[in-house]
Amino acid sequence: MLKQTLITAAVVATLQLAQAQDSALLDLLVKKKVLTAKEAQDVRADLVKEQAATNSTGATKIAIGSWVQEMKIGGDLRLRYQYDNRDFQVDPPEVGAIGASHDKDRSPSGSQRSRFRFRLRLNDDFKLTDHWFGGVQLATSPAADSGNTTLGSGFGKYNIFISRAFLGWNESDWLTLVGGKVPNPFYSTDLVWDPDINPDGFTQSVRLHKMHFGGSDEGSYSKDGKTFIAAEKQKDPPWELTLNFGEFIFSDNLENGNLSGNAEPGLRDNDVADDAWLFEGQLVASYKFDGGIKATVAPGLMFYNASRLTLPAGTNENQFSDTPSTVLPSGDLAFLGETRNLVILNAPGDISFKLGNVPTKFYWDFAWNTLGRRRAEEIYGLLTPAKSMTPGHFNTNHTGSDDFAYLLGVQVGENKKKGDVSAILNWRQTGITSVDPNLNDSDFALGELNTRGIKAGLLYSLTDFATFGVTYQYAWNLRDNLFGGFATGGPSGGVADSNVVQVLQVDLNVKF
């Protein structure tokens, strides 16, 4: 306590500067091992209280609580041109009088769109005393996996939505707890998690490399108690090890609801009435080698409780949700992307280094749904329930590749200042039963499964705050014989509906 008081008095006496300068000095003292992170945070709290008392005379026009240590307000605005083209596996109904067998009487099976879009995001992140923090983000779309809205609504006004609202607590360097509509805490690629998604629920991060088991880095006194001996400065270890956990409520269902969503007494503990939850645990391990090479691997497990997924309209760009009015012969709900039979092993990672002076990174991802065969039975069970029970028929609609997804990619360069250029290129393959179609990237193949293809992008920094980029994605079906059930539904929709999907995006993004 005496140490903290003396340090606080010294800082206040010698630095009557802006709060940002005080914070920079404290960060430097922590880096030099003069202060611990906790002591620096306590000093910041004292300085904030003292500044608030100084400003109580009304000299400032903006007043914030004395418990607010730091607040960052900003955001970004992106203008986008997007073109996408889909060729469906199932042709639409014929037109004309000649008949289905005549090519002139077939409607086109493709679907093209050309749109001008924009995305606005406003951020307010704050740090409070007593180790509390939080953040709020507003965005221009109700979709979980996109912040985009399309221009051309008769000059009407556009809505703004809460895309992030969370509170957190980190009393120590090694433990962080967060709840609300939270930032995704997991190391991932867009093979499994769309980067725009902020889940609802709770997360915990345990940084094992920040734990100290016994001893002290603050030094001690000599045996006679007269001389203070500073502790030997310890180098940061070359490795980092973090455990991330998440418990997310995906769909809040009516506890005594029926298939129509209405209350029905006595209906409990089934996949209609139970809330849909997603659970994930991950170990992120990284190691810094000599020569500036760093390797990261992040194996994890994600699984759901068996429940109906009822998503409001507009929840995703390309949405897959249970159909309440459709019931299989077994009595279960029909498949359309629900949470049943998803237990996914996931293993993303990367190796980063410098190619000359250019930052370069090889990255990958892998996912395996261990319950893929059972999930496939639901996909095809609706239209042919009797045949789907025979192994011979079912095996024509399911192979081991359906249960796996993987991604391999490279990134060259990074965008930090004016004139910087970066490029990405990756290849991916996504089986029809491998991942959740409501979580994966909504841009590649427009979120559909049973796809493989490439994604290529180039990004140039016009200024320190503005970038211009072009991205092209080409995907085609992994297997072309997936017809029926909820695999394909033609233009009406299905989880693996397309033969070919092309997406072109041209972006201008400004941060402020």
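Everything numeric in this text was worked out from a predicted model, so none of it was measured.

One finds Val192, Trp193, Leu278, Met302, Ile432 and Leu439 to be the most contacted residues of the largest nonpolar core, which totals 29 residues. At the level of elements, β13 (300-304), β16 (358-369) and β17 (404-412) are the ones that each hand at least two residues to this core. In this structure, Leu278 is in contact with Trp193, Gly246, Glu247, Phe248, Met302, Phe303, Tyr304 and Leu439, ignoring residues within four places of it in sequence. Among the nonpolar cores identified, the runner-up in size contains six residues, and Phe444, Ala445, Leu446 and Val501 belong to it.

The next point concerns the side chain of Thr433. Tracing the backbone shows Thr433 in the loop between β18 (421-430) and β19 (451-461). Within the local environment of Thr433, its side chain forms a polar contact with the backbone oxygen of Asp402, the two atoms lying 2.9 Å apart. Within the structure, the side chain of Thr433 is placed 2.5 Å from the side chain of Asp403, a separation counted as a polar contact. Each residue touching Thr433, except ones within four places of it in the same chain, is listed here: Asn369, Gly372, Arg375, Ala376, Ile379, Asp402 and Asp403.

Attention shifts here to the packing of aromatic side chains. The description of an aromatic ring pair rests on the distance of the ring centres and on the angle between the ring planes. Evaluation of the coordinates by the stated rule reveals 14 aromatic pairs. Plain terms: the ring middles of Phe186 and Phe248 are 6.2 Å apart, the flat faces sit at 85° to each other, and that makes the pair edge-to-face. Of this pair, Phe186 sits in the loop between β6 (175-181) and β7 (200-207) while Phe248 sits in strand β10 (residues 239-251), and the two are 62 residues apart along the sequence. What makes Phe186 buried here is its relative accessible area of 8%. On the accessibility criterion, Phe248 (3% relative accessible area) is buried. When the ring of Phe250 is compared with that of Tyr304, the centres are 6.2 Å apart and the planes differ by 25°; the resulting orientation is stacked. In this pair, Phe250 sits in strand β10 while Tyr304 sits in strand β13, placing the two residues 54 residues apart along the sequence. Residue class for Tyr304 comes out buried when judged on its relative accessible area of 8%. Ring-pair connections join several aromatic residues into one group, and the members of that group are Phe186, Trp193 and Phe248. Of note, Arg428 hangs over the ring of Phe444, and the distance from its end group to the ring centre comes to 4.4 Å.

Moving on to the pattern of salt bridges. If you walk through the whole model with that rule in mind, you get 16 salt bridges. In this structure, Asp76 and Arg119 form a salt bridge, with 3.1 Å as the shortest nitrogen-oxygen distance. Here Arg119 lies in strand β2 (residues 110-128) and Asp76 lies in strand β1 (residues 68-88), a separation of 43 residues in the sequence. Using a relative accessible area of 5% as the deciding quantity, one classes Asp76 as buried. For Arg119, a relative accessible area of 7% corresponds to the buried category.

This brings us to the confidence of the model for the protein chain. Chain-level statistics for the protein chain give a pLDDT mean of 81 and a share of 71% at 70 or above. Confidence drops under a pLDDT of 50 for residues 382-392, and excluding neighbours within four residues, the segment shows 13 contacts in the predicted structure.

Cut-offs and rules
- Residues numbered from 1 in each chain as written.
- Predicted model: local features only at pLDDT ≥ 70, side-chain atom pairs only at ≥ 80, totals over all residues.
- Heavy atoms only, no water.
- Core = buried A, V, L, I, M, F, W, Y, C linked by side-chain atoms within 4.5 Å.
- Buried < 20%, exposed > 50% of the residue type's maximum accessible area, 1.4 Å probe, protein only.
- Helix = DSSP H or I, 4+ residues; strand = E, 2+ residues; numbered from the N terminus.
- Contact = heavy atoms within 4.5 Å.
- Polar contact = N/O pair within 3.5 Å; in protein donor to acceptor, adjacent residues only side chain to side chain.
- Phe/Tyr/Trp six-rings, centres within 6.5 Å; stacked < 30°, edge-to-face > 60°.
- Lys NZ or Arg CZ within 6 Å of the ring centre and 35° of its normal.
- Salt bridge = Lys/Arg side-chain N within 4 Å of Asp/Glu carboxyl O.
- pLDDT = per-residue confidence, 0-100.

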